Amino acid sequence: PPMPPPPPAIIPFAFIMIISLIFIFAILKYIERNFISPLNIISNNVKKIKDGDLSVDFATKSENKEIKETFNVLNDMTQGLKQKDQLYDNFIQNIVHDLRAPVIAQERAMEILSEEFSDNPLVSGLVSNNDAFLKMVNEIIEALSKKDIKINKEKINLKKSVNSVIEAIKPVLEEKNIQVYNNVQDGFTVYADYICLNRIIANLVSNAVEHIGNDKHIKVYSDKSKDMTQIFIEDDGDGIADTESIFKKYSSSNKSGKKAVSGLGLSIVSELVKKNNGNIRVESELKKYTKFIIGLPNEEN
């Protein structure tokens, strides 16, 4: 009788498949350990460094020589950044003392002179120039040290914050006959860092007071949507000609639209808003108005 056909080669084929899968898994594991995982570590640590966190450590289990050398270079770079950061902090401390001390001492001397020679235009001019110089020094120091600002967000009563700013500059408002209207609703809250928010409002209101001239008006009001809280600071001054570059360092506009000497104030405001995950923009029309709009995320965002 004829012989039956041989059974199909199921067992050898299954064995080959298992060996192939093991081999592929081993290759993928090797690639993940030696290339993918190190790249993820580099990407995550670079993001942390970008945000100012220099405590990162580049460590890898990769057996690849080039990857190991790259990690050593990155660790050396991070260590260098830490040293530069320490030098920068020391520089800030020195510059704070070296810049502020003589200007403040001169300010006290000017106060004595202004009391003795209050009608002398030369003395009043010196007092005014010294005040402007002290303000510029404070802006420079604030710009240099703003990287150290720690953000602690909380719910803040916006109306109270605006009132505290108005109270602080009341003598200047009375001198220039400028009315500031706090139109924020009672109990209206904004989610932000308390110190940052006060500095933002103080900078913008003070900037308006400085540039809009006498017998003008400033109003502060707010609005809230599902995702964002908006703060508006609007004046009826002469407007700003160049609104495109107004938040850039050393580029600001005075009430006539011409470039002013120091432009750090609005640059600092922009940085403070960004640190609170917000945004700021400006609308203006010459000879009519200027309005700054600050957008800050609500607590749930």
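Only a predicted model underlies this, so the values are computations on that prediction, with no experimental measurement involved.

Quick notes on the rules
- Residues numbered from 1 in each chain as written.
- Predicted model: local features only at pLDDT ≥ 70, side-chain atom pairs only at ≥ 80, totals over all residues.
- Heavy atoms only, no water.
- Core = buried A, V, L, I, M, F, W, Y, C linked by side-chain atoms within 4.5 Å.
- Buried < 20%, exposed > 50% of the residue type's maximum accessible area, 1.4 Å probe, protein only.
- Helix = DSSP H or I, 4+ residues; strand = E, 2+ residues; numbered from the N terminus.
- Contact = heavy atoms within 4.5 Å.
- Axes fitted to C-alpha atoms, helices over the stretch in contact; angles between N-to-C directions.
- Parallel < 35°, antiparallel > 145°, perpendicular 65-115°, else oblique.
- Left-handed = near helix turned anticlockwise from the far one by under 90°.
- Pairing = 2+ DSSP bridges.
- Expected span 1.5 Å × (residues − 1).
- Polar contact = N/O pair within 3.5 Å; in protein donor to acceptor, adjacent residues only side chain to side chain.
- Phe/Tyr/Trp six-rings, centres within 6.5 Å; stacked < 30°, edge-to-face > 60°.
- Lys NZ or Arg CZ within 6 Å of the ring centre and 35° of its normal.
- Patch = residues over 30% accessible without salt bridge, like charges linked within 9 Å, V, L, I, M, F, W, Y side chains within 5 Å.
- Areas by Shrake-Rupley, 256 points an atom, 1.4 Å probe, with all protein chains shown as cover.
- Salt bridge = Lys/Arg side-chain N within 4 Å of Asp/Glu carboxyl O.

1. Some points on the nonpolar core
Then step 1. Membership of the largest hydrophobic core comes to 39 residues, with the highest contact counts inside it found for Leu158, Leu204 and Phe292.
Then step 2. Looking at this core, the elements that each hand over two or more residues are α4 (158-168), β3 (189-193), α6 (194-211), β4 (217-224), β5 (228-235), α7 (264-275), β6 (279-285) and β7 (289-297).
Then step 3. Among the elements that take part in this core, α6 stands out by supplying eight residues, more than any other.
Then step 4. If sequence neighbours within four positions are ignored, Leu204 has contacts with Ile233, Leu266, Val269, Ile280, Phe292 and Ile294.
Then step 5. Counting eight residues, the second-largest nonpolar core is a separate cluster that includes Ile42, Ile49, Val56 and Leu74.

2. Comments concerning the packing of α4 against α6
Then step 1. Where α4 contacts α6, the two axes come as close as 10 Å, and the packing angle between them is 50 degrees. Judged by the angle between their axes, α4 and α6 are oblique. Handedness of the crossing formed by α4 with α6: right-handed. Residues Leu158, Ser161, Val162, Ser164 and Val165 of α4 form the contact with α6, whose own contacting residues are Tyr194, Leu197, Asn198, Ile201, Ala202 and Val205.

3. Describing the sheet that holds β4
Then step 1. The sheet built from five strands is open, its strands ordered β2-β4-β5-β7-β6 with mixed pairing. At either margin of the open sheet sits one strand with a lone partner, and together these are β2 (179-182) and β6. For this sheet the average axis-to-axis angle between neighbouring strands, irrespective of direction, equals 15 degrees.
Then step 2. Here β4 runs beside β5; their pairing, made up of seven bridges, is antiparallel. Looking at β5, one finds that Val220 is bridged to Ile233.
Then step 3. Against the sheet, α4 contacts β2, β4 and β5, and its axis sits at roughly 165 degrees relative to β2.
Then step 4. Lying on the sheet, α6 is in contact with β4, β5, β6 and β7; it crosses β5 at an angle near 20 degrees.

4. Re α6
Then step 1. Look at α6: 26 Å from first C-alpha to last across 18 residues, which is about the 26 Å you get at 1.5 Å a residue.
Then step 2. Listed in full, the buried residues belonging to α6 are Cys196, Leu197, Asn198, Ile200, Ile201, Asn203, Leu204, Val205, Asn207, Ala208, Val209 and His211.
Then step 3. Structurally, the start of α6 carries an N-cap: the backbone nitrogen of Cys196 is 2.9 Å from a side-chain oxygen of Asp193.
Then step 4. Of the residues flanking the end of α6, it is Gly213, one or two places downstream, whose phi is positive at about 90 degrees.

5. Details of the side chain of Ser270
Then step 1. Mapped onto the elements of the fold, Ser270 is located in helix α7.
Then step 2. Ignoring sequence-local partners within four residues, the contact set of Ser270 consists of Phe247 and Ile280.

6. A short note on the packing of aromatic side chains
Then step 1. Summed over the entire model, instances satisfying the criterion amount to four aromatic pairs.
Then step 2. Their ring planes at 75 degrees and their centres at 6.1 Å tell us that Phe247 and Phe292 sit as a pair that is edge-to-face. Residue Phe247 is found in the loop between β5 and α7, and its partner Phe292 is found in strand β7; the two are separated by 45 residues along the sequence.
Then step 3. Look at Phe247 and you get buried, because its relative accessible area is 18%.
Then step 4. A cation over an aromatic ring shows up here: Lys224 above the ring of Phe188, its NZ or CZ 4.9 Å from the ring centre.

7. Quick notes on unusual backbone geometry
Then step 1. Although it is not a glycine, Asn277 sits at a positive phi angle of roughly 60 degrees.
Then step 2. Tracing the backbone through its elements, the reader meets Asn277 in the loop between α7 and β6.
Then step 3. Asn277 sits in the exposed class, given a relative accessible area of 55%.
Then step 4. Here the phi dihedral of Lys287 falls at roughly 70 degrees; this positive angle occurs in a residue that is not glycine.
Then step 5. For Lys287, the location among the structural elements is in the loop between β6 and β7.

8. Remarks on a nonpolar patch on the surface
Then step 1. A contiguous nonpolar patch, built from Leu21, Phe23, Ile24, Ile27, Leu28, Tyr30, Ile31, Phe35 and Ile36 and spanning about 830 Å² of accessible area, is present on the exposed surface.
Then step 2. Relative to the helices and strands, Ile27 resides in helix α1 (residues 10-50).

9. Regarding the pattern of salt bridges
Then step 1. In the structure shown here, the tally under the stated rule is seven salt bridges.
Then step 2. Across the salt bridge formed by Lys155 and Glu299, the nearest N and O atoms sit 3.7 Å from each other. Of the two residues, Lys155 sits in strand β1 (residues 153-157) while Glu299 sits in the segment after β7, which places them 144 residues apart along the sequence.
Then step 3. When its relative accessible area of 57% is taken as the criterion, Lys155 is described as exposed.
Then step 4. We note a salt bridge from Glu285 to Lys288, for which the minimum N-O separation is 3.4 Å.
Then step 5. Note on Glu285: relative accessible area 37%, which makes it partly exposed.
Then step 6. Salt bridges sharing common partners tie together Arg281, Glu283 and Lys291.

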